[in-house]
Amino acid sequence: MPKSSTVFTWPEQGVTRVPYRVYDDPAIFEREQSLLFRGPTWNYLGLDCEIPGAGDYKLNFVGATPVILCRDENGEVHAMVNRCAHRGSLLCIEKQGNREQFSCVYHNWSYNLRGDLTSVAFKRGVRGKGGMPADFDNAKHGLERLRVASFNGIHFGTFSAATPPIEQYLGPVMSAYLKRAYNRPMKVIGAHSQYLKNNWKLVMENVRDPYHASILHLFFGSFGLSRQTMKGEALLDDSGWHHIVYTKRGTDDIRGSEYEGNKLPNMKSHLKLNDPKILEEWPEFPDGITNMVQTVFPAVTFQQISNCLGVRHIVPRGPHECEWFWTLLGYEDDEPWQTKIRARQANLIGPAGFISLEDGAVTNFVQRGIQGGKPDAMAVVELGGSSIASGEDRVTEAPIRGFWKGYREVMGI
Ligand code: FES
Ligand SMILES: [Fe+2]
């Protein structure tokens, strides 16, 4: 695979073709950091319920950049780069907690909860010797700050002054579906992370891919959690950058489809669970949606698998590696039995989940499959034609094309 240049011409077929080099080229990875993650995008930082009180903080990443999300004494939420302004050490190591200030372990430079530099050790030297120059101004050496936008208790950050307001960025359809689940105070009921040996964009394609769900995942099709024969939709916002795919389990009818008679390789309707409790659920949303995956460009996914609610955030770790952070959620007003069902269903997802296990495998299969290919080799993303539009048809790759539309726009390729 070519390794050197970031300047290449995208195939003329537009977003129905994806050059494999975008998953492989270190120069493209670097360019994503500056143009995409530091560009006009809102990036997921965390939830209100993770930093409820003054001084509460949580660490996260925007692209590869380490970031602190925190709440100050006045209740305002801030985000700043987790990198000491002295010589670049990580300022905070513990993933979550409460602080009155952030002090660097290396030479004890300290910052308040807004990222202002408040003290420098030995600033005036010792007994009149050494120290910083007299004109050293703390005010010029604070932490790098991000703009923060909060949407129904979800905090996003951006490095760019050009990023539009969050409501405009999300658009009306995405906003409505986020408000649907994030409609009252949430609580975290669990978390896990998964280190994947593949490019981060393969994960974002996977979560936008309704084609694979009932084919790859034995559990989905065989136990009727999600099938193409259920009513549902693939929705994109006007820009095409973000997407939602949902299904309604109660509407399934497999008669006359490839699901009937187990014609699909992973459809095994004769299988029975020794303990079917994993399938226990309750009808939670009046719209009847039982399975929903929503992405906000570039790197976050909001999910509802039955009653298992959560956020999945992908963090690039290099051209060929990424880390996937899963936060599992319920509502503050949940009854204990509801929390129990949500937690049990969480066994469907994550690194060893009955469903998600396979996603981590196939994204790595792609990474390995594209190695050593022809320089101009590319993926075919043509299911459903070339449309980047909403529809009831879920036999489509329109949401993936929407991702590449956004990608090409911010990357200028
Ligand atoms: S690197 Fe942080 S105080 Fe020196
Ligand atoms: Fe999947």
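All of these numbers come straight from a predicted model, not from anything done at the bench.

Caption draft 1: Just the domain arrangement of the protein, in detail. Once the domains are mapped, the protein shows domain 1 (43–150) and domain 2 (173–411). Distance between the C-alpha centres of domain 1 and domain 2: 35 Å. Approximately 900 Å² of surface area, both sides summed, lies buried where domain 1 meets domain 2, with 71% of it carried by carbon and sulfur atoms. Counting the contacts that link domain 1 with domain 2 gives zero salt bridges. Those elements that provide at least two residues to the side of domain 1 that touches domain 2 are β2 (43–47) and β3 (56–62). In terms of residue count, the dominant contributor to the side of domain 1 that touches domain 2 is β2 (three residues). Partitioning the side of domain 1 that touches domain 2 into residue classes produces five nonpolar, three polar and one charged.

Caption draft 2: Representation of the coordination of the iron ion (ligand 2) in the model. Note on the iron ion (ligand 2): its protein donors are His-212 (NE2), His-217 (NE2), Asp-359 (OD) and Asp-359 (OD). The metal-donor distances range over 2.1 to 2.5 Å. Bound by four donor atoms, the iron ion (ligand 2) shows angles of 56 to 147 degrees at the metal and therefore irregular coordination geometry. Summarised as a motif, the one-chain spacing of the donors to the iron ion (ligand 2) is H-x4-H-x141-D. For the pair formed by His-212 and His-217, the shared burial category is buried.

Caption draft 3: Highlighting the sheet that holds strand β7 (residues 102–103). Read across the open sheet, the three strands follow the order β7-β8-β9; overall the sheet is antiparallel. The strands lining the two open edges of the sheet, one partner per strand, are β7 and β9 (117–119). Bridging between strand β8 (residues 110–111) and β9 involves two bridges; their strand directions are antiparallel. Paired with Ser-110 across the two strands is Ser-119, which belongs to β9.

Caption draft 4: Quick peek at the packing of helix α3 (residues 200–207) against helix α7 (residues 356–369). For the pair α3 and α7, interaxial distance at closest approach is 10 Å and the crossing angle is 130 degrees. When the axes of α3 and α7 are compared, the pair comes out oblique. Judged by the twist between their axes, the crossing of α3 over α7 is right-handed. Contacts between α3 and α7 involve Leu-202, Val-203 and Asn-206 from the former and Asp-359, Val-362, Thr-363, Val-366 and Gln-367 from the latter. Broken down by class, the residue content of the contact of α3 with α7 amounts to four nonpolar, three polar and one charged.

Caption draft 5: Examining helix α2 (residues 166–181) more closely. A rise of 1.5 Å per residue sets the reference length of α2, with its 16 residues, at 22 Å; its end C-alpha atoms lie only 17 Å apart and thus fall more than 12% short of the reference. Of all the bends found along α2, the most pronounced is centred on Pro-172 and spans about 90 degrees. When α2 is considered as a whole, its buried residues turn out to be Ile-166, Tyr-169, Leu-170, Gly-171, Met-174, Ser-175, Tyr-177, Leu-178, Arg-180 and Ala-181.

Caption draft 6: Examining the packing of aromatic side chains more closely. With the rule as written, the count across this model stands at 20 aromatic pairs. Through a chain of ring-to-ring contacts, three or more aromatic side chains come together here, namely Trp-10, Tyr-20, Tyr-23, Phe-37, Tyr-169, Trp-200, Trp-241, Phe-297, Phe-403, Trp-404 and Tyr-407. Over the ring of Phe-285 we find Arg-180; its NZ or CZ atom is 3.9 Å from the centre of that ring.

Caption draft 7: Structural view of the pattern of salt bridges. Taken as a whole and judged by the stated rule, the model has 20 salt bridges. Here Arg-180 and Asp-287 are joined by a salt bridge, their closest N and O atoms 2.6 Å apart. Of this pair, Arg-180 sits in helix α2 while Asp-287 sits in the loop between β14 (243–248) and β15 (291–296); the two residues are 107 residues apart in sequence, bridging distant segments of the chain. Classification of Arg-180 as buried rests on a relative accessible area of 13%. For Asp-287, a relative accessible area of 30% gives the class partly exposed. Its salt-bridge partner being Glu-409, residue Lys-405 comes within 2.8 Å of it at the nearest N-O pair.

Caption draft 8: Layout of α7. The end-to-end C-alpha distance of α7, which contains 14 residues, comes to 20 Å, matching closely the 20 Å that a straight helix rising 1.5 Å per residue would cover. Those residues of α7 that fall on the buried side of the exposure criterion are Ser-356, Glu-358, Asp-359, Gly-360, Thr-363, Asn-364 and Gln-367. Where α7 is buried, its residues meet β12 (186–196), α3, α4 (210–216), α5 (218–222), β17 (308–318) and β18 (321–331).

Caption draft 9: Structural context of a nonpolar patch on the surface. Together, Tyr-211, Ile-215 and Val-395 line one region of the surface with nonpolar side chains, adding up to about 230 Å² of accessible area. Tracing the chain through its elements places Val-395 in the loop between β19 (378–380) and α8 (398–411). Judged by relative accessible area, Val-395 falls into the partly exposed class, the value being 38%.

Caption draft 10: Structural view of the sheet that holds β15. Judged by pairing direction, the sheet is antiparallel, and its seven strands sit side by side in the order β12-β18-β17-β16-β15-β14-β13 without closing on themselves. In this open sheet, the two strands that pair with only one neighbour each are β12 and β13 (231–236). The sheet shows a mean angle of 15 degrees between the axes of neighbouring strands, taken without regard to direction. Examined bridge by bridge, strand β16 (residues 300–305) and β17 share six bridges and lie antiparallel to one another. Looking at β17, one finds that Thr-301 is bridged to Arg-312. Across the sheet, helix α6 (residues 336–345) lies against β12, β16, β17 and β18, angled at about 10 degrees from β12, the strand it touches most.

Caption draft 11: Region of interest: unusual backbone geometry. Here the bond from Phe-297 into Pro-298 is cis, since omega is 10 degrees, no more than 30 degrees from zero. Examined against the element boundaries, Pro-298 turns out to sit in the loop between β15 and β16. Positive phi values are uncommon outside glycine, yet Phe-122 reaches one of about 55 degrees. Residue placement: Phe-122 occurs in the loop between β9 and β10 (145–151).

Reading the values: the criteria
- Residues numbered from 1 in each chain as written.
- Chains lettered and ligands numbered in written order.
- Predicted model: local features only at pLDDT ≥ 70, side-chain atom pairs only at ≥ 80, totals over all residues.
- Heavy atoms only, no water.
- Domains from an automatic or database assignment.
- Buried area = accessible area lost by both parts, 1.4 Å probe.
- Salt bridge = Lys/Arg side-chain N within 4 Å of Asp/Glu carboxyl O.
- Helix = DSSP H or I, 4+ residues; strand = E, 2+ residues; numbered from the N terminus.
- Nonpolar A, V, L, I, M, F, W, Y, C, P; charged D, E, K, R; others polar.
- Donors = N, O, S within 2.8 Å, 3.2 Å for Na, K, Ca; no water.
- Tetrahedral: all angles 85-135°; square planar, octahedral: opposite > 155°, others 65-115°.
- Buried < 20%, exposed > 50% of the residue type's maximum accessible area, 1.4 Å probe, protein only.
- Pairing = 2+ DSSP bridges.
- Axes fitted to C-alpha atoms, helices over the stretch in contact; angles between N-to-C directions.
- Parallel < 35°, antiparallel > 145°, perpendicular 65-115°, else oblique.
- Left-handed = near helix turned anticlockwise from the far one by under 90°.
- Contact = heavy atoms within 4.5 Å.
- Expected span 1.5 Å × (residues − 1).
- Bend = angle between axes of the 7 residues up to and from the residue.
- Phe/Tyr/Trp six-rings, centres within 6.5 Å; stacked < 30°, edge-to-face > 60°.
- Lys NZ or Arg CZ within 6 Å of the ring centre and 35° of its normal.
- Patch = residues over 30% accessible without salt bridge, like charges linked within 9 Å, V, L, I, M, F, W, Y side chains within 5 Å.
- Areas by Shrake-Rupley, 256 points an atom, 1.4 Å probe, with all protein chains shown as cover.

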